[in-house]
2 protein chains.
Amino acid sequence: MARAPRRGPYICGIDAALDVVSGKWKGLILWELDTHGVRRFAELRRALPGVSEKMLTQHLREMEEDGLVHREVYAEVPPRVEYSLTGHGRTLNQALVPLGAWGTQRARREGFAAVEVAGDAGG
Amino acid sequence: MARAPRRGPYICGIDAALDVVSGKWKGLILWELDTHGVRRFAELRRALPGVSEKMLTQHLREMEEDGLVHREVYAEVPPRVEYSLTGHGRTLNQALVPLGAWGTQRARREGFAAVEVAGDAGG
DNA sequence: CGGTATCCTACACGATACTG
DNA sequence: CAGTATCGTGTAGGATACCG
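Okay, so let's go over this structure. (Residues numbered from 1 in each chain as written. Chains lettered and ligands numbered in written order. Predicted model: local features only at pLDDT ≥ 70, side-chain atom pairs only at ≥ 80, totals over all residues. Heavy atoms only, no water.)

### Some points on the protein's contact with DNA strand C
Here's step 1: Every one of the 21 residues lining DNA strand C counts as a neighbour, but Arg61(A), Arg71(A), Tyr83(A), Lys24(B) and Lys54(B) are closest to it.
Here's step 2: In DNA strand C, atoms within 4 Å of the protein come 67% from sugar and phosphate.
Here's step 3: The side chain of Trp25(B) places a nitrogen or oxygen atom 3.4 Å from a phosphate oxygen of DNA strand C.
Here's step 4: At a separation of 2.2 Å, a base oxygen of DNA strand C approaches a polar side-chain atom of Lys54(B).
Here's step 5: Mapped by element, the contributors of at least two residues to the surface near DNA strand C are helix H3 (41-47), helix H4 (53-65) and strand E3 (80-85) of chain A together with helix H4 (53-65) of chain B. (Near = heavy atom within 4 Å. Polar contact = N/O pair within 3.5 Å; in protein donor to acceptor, adjacent residues only side chain to side chain. Helix = DSSP H or I, 4+ residues; strand = E, 2+ residues; numbered from the N terminus.)

Have a look at this one:
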């Protein structure tokens, strides 16, 4: 059970980017880490209401493997693991800003509840 | 079997936007229609190598319902149906440009084959 | 605290056949 | 040409239990 992302070959850039952000919680993880800089596992869990440990771990591992997320493990008791974005993770986030704004506009137009989360580009 | 997209409530704008572009061929359909302006069913089919009629129809219907695509039916024999982007479809495409560029860069970095398709932002 | 392991379900996607 | 109908499959995602 290693990888969800296909890792190419891709038909176009959108295809390649979507391969890396698809996953129910990845967008949120990106925003959360971008906003707070560094987050612990339990903090991310609280920030993503409804996520299971399994999915959070799995997404985090895939994003780490995709070079988006850095995982820092501290040899302490109780254990502490801190997650943060890599440079590529931050540039991806930048690239997602217009899309986030579009989505927020659309949700507003359609009358859907788009709960504002810290860092949301749509204001 | 009507809808794949959830139509909210969404957690943030990215969530809302991703709900509308997720689907194996939707990104490509967007690019194809944006590039050519108007495309017939069979033309789209040829532009998306490997897509089945079922998936193409399904994606097109969902995108129509999401207000992204306009479907024009001509009462002729043989039948003719033309697809084009709505205003919202075009703004979505604009919002996807940076993401496409990011994906192209990434594919290049990682050495994956990112086949250039007409309209690709990274090209 | 920060995970793994196991089992299960829903559904996105695909293949094939048929129709106005 | 532009679909619809039906069936089959892979896998993303979820529930629960256990571990260092």
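### Things to note about the pairing of strand E3 (residues 80-85) of chain B
Residues and elements named next belong to chain B.
Here's step 1: Most of E3 is tucked away: five of the six residues are buried.
Here's step 2: Here three bridges tie strand E1 (residues 38-40) to E3, and the two strands are oriented antiparallel to one another. When the bridges of E3 are listed, Arg 39 appears paired with Tyr 83.
Here's step 3: Bridge count for strand E2 (residues 69-74) against E3 is six bridges, and the pairing is antiparallel. Following the sheet pairing, His 70 is matched in E3 by Ser 84.
Here's step 4: In this antiparallel pair of consecutive strands, E2 and E3, the connection spans five residues. (Buried < 20%, exposed > 50% of the residue type's maximum accessible area, 1.4 Å probe, protein only. Pairing = 2+ DSSP bridges.)

### Quick notes on the protein's contact with DNA strand D
Here's step 1: Taken together, 21 residues lie near DNA strand D, and Lys24(A), Lys54(A), Arg61(B), Arg71(B) and Tyr83(B) sit nearest.
Here's step 2: A share of 65% of the atoms of DNA strand D within 4 Å of the protein falls on sugar and phosphate groups.
Here's step 3: One nitrogen or oxygen atom from the side chain of Lys24(A) is found 2.5 Å from a phosphate oxygen belonging to DNA strand D.
Here's step 4: Ala42(B) has a polar backbone atom sitting 3.0 Å from a phosphate oxygen of DNA strand D.
Here's step 5: Mapped onto the surface near DNA strand D, the elements with two or more residues apiece are H4 of chain A together with helix H3 (41-47), H4 and E3 of chain B.

### As for the interface of chain B and chain A
Here's step 1: Contact with chain B, which involves 40 residues of that partner, is made by 40 residues of chain A.
Here's step 2: Summing the contributions of chain B and of chain A, the shared interface buries around 3,600 Å²; its carbon and sulfur component is 71%.
Here's step 3: The largest contributions to the chain B side of the interface with chain A come from Ile14(B), Leu99(B) and Trp102(B), which together make up 19% of the buried area.
Here's step 4: The interface formed by chain B and chain A contains two salt bridges.
Here's step 5: Of the charged contacts, one joins Asp66(B) and Arg106(A) as a salt bridge, the two residues approaching to 3.6 Å between their closest N and O atoms. (Contact = heavy atoms within 4.5 Å. Buried area = accessible area lost by both parts, 1.4 Å probe. Salt bridge = Lys/Arg side-chain N within 4 Å of Asp/Glu carboxyl O.)

### Brief notes about the sheet that holds E3(A)
Residues and elements named next belong to chain A.
Here's step 1: Taken together, three strands build an open sheet; the order of strands is E1-E3-E2 and the sheet is antiparallel. Each end of this open sheet is capped by a strand with a single partner; those strands are strand E1 (38-40) and strand E2 (69-74). In this sheet, adjacent strand axes meet at a mean angle of 30° when their direction is disregarded.
Here's step 2: The strands that H4 touches are E2 and E3; relative to E2, the one it contacts most, it runs at about 115°. (Axes fitted to C-alpha atoms, helices over the stretch in contact; angles between N-to-C directions.)

### Some details on helix H2 (residues 26-36) of chain B
Counting along an α-helix, one turn takes 3.6 residues, and residues three or four places apart therefore face a common direction.
Residues and elements named next belong to chain B.
Here's step 1: The element H2 is extensively covered by neighbouring structure, given that eight of its eleven residues are classed as buried.
Here's step 2: Every buried residue of H2 is listed here: Lys 26, Gly 27, Leu 28, Ile 29, Leu 30, Trp 31, Glu 32 and Leu 33.
Here's step 3: One or two positions beyond H2, positive phi appears at Gly 37, with a value near 80°.

### Digging into the packing of helix H2 (residues 26-36) of chain A against H4(A)
Residues and elements named next belong to chain A.
Here's step 1: Where H2 meets H4, the closest approach of the two axes is 10 Å, and the angle between their N-to-C directions is 70°. Between H2 and H4, the angle falls in the class roughly perpendicular. Where H2 approaches H4, its residues Lys 26, Ile 29 and Leu 30 are matched on the opposing element by Leu 56, His 59, Leu 60, Glu 62 and Met 63.
Here's step 2: Classifying every residue of the contact of H2 with H4 by side-chain character gives five nonpolar, one polar and two charged. (Parallel < 35°, antiparallel > 145°, perpendicular 65-115°, else oblique. Nonpolar A, V, L, I, M, F, W, Y, C, P; charged D, E, K, R; others polar.)

### Overview of unusual backbone geometry
Working note: non-glycine residues mostly have negative phi, and peptide bonds are mostly trans.
Here's step 1: Cis geometry marks the peptide bond from Val77(A) to Pro78(A); its omega dihedral reads 0°.
Here's step 2: Mapped onto the secondary structure, Pro78(A) falls in the loop between E2 and E3.

### Remarks on the side chain of Ser84(B)
Here's step 1: Within the fold, Ser84(B) resides in strand E3.
Here's step 2: What Ser84(B) contacts, discounting residues up to four positions off in sequence, is Leu33(B), Gly37(B), Val38(B), Leu68(B), Val69(B) and His70(B).

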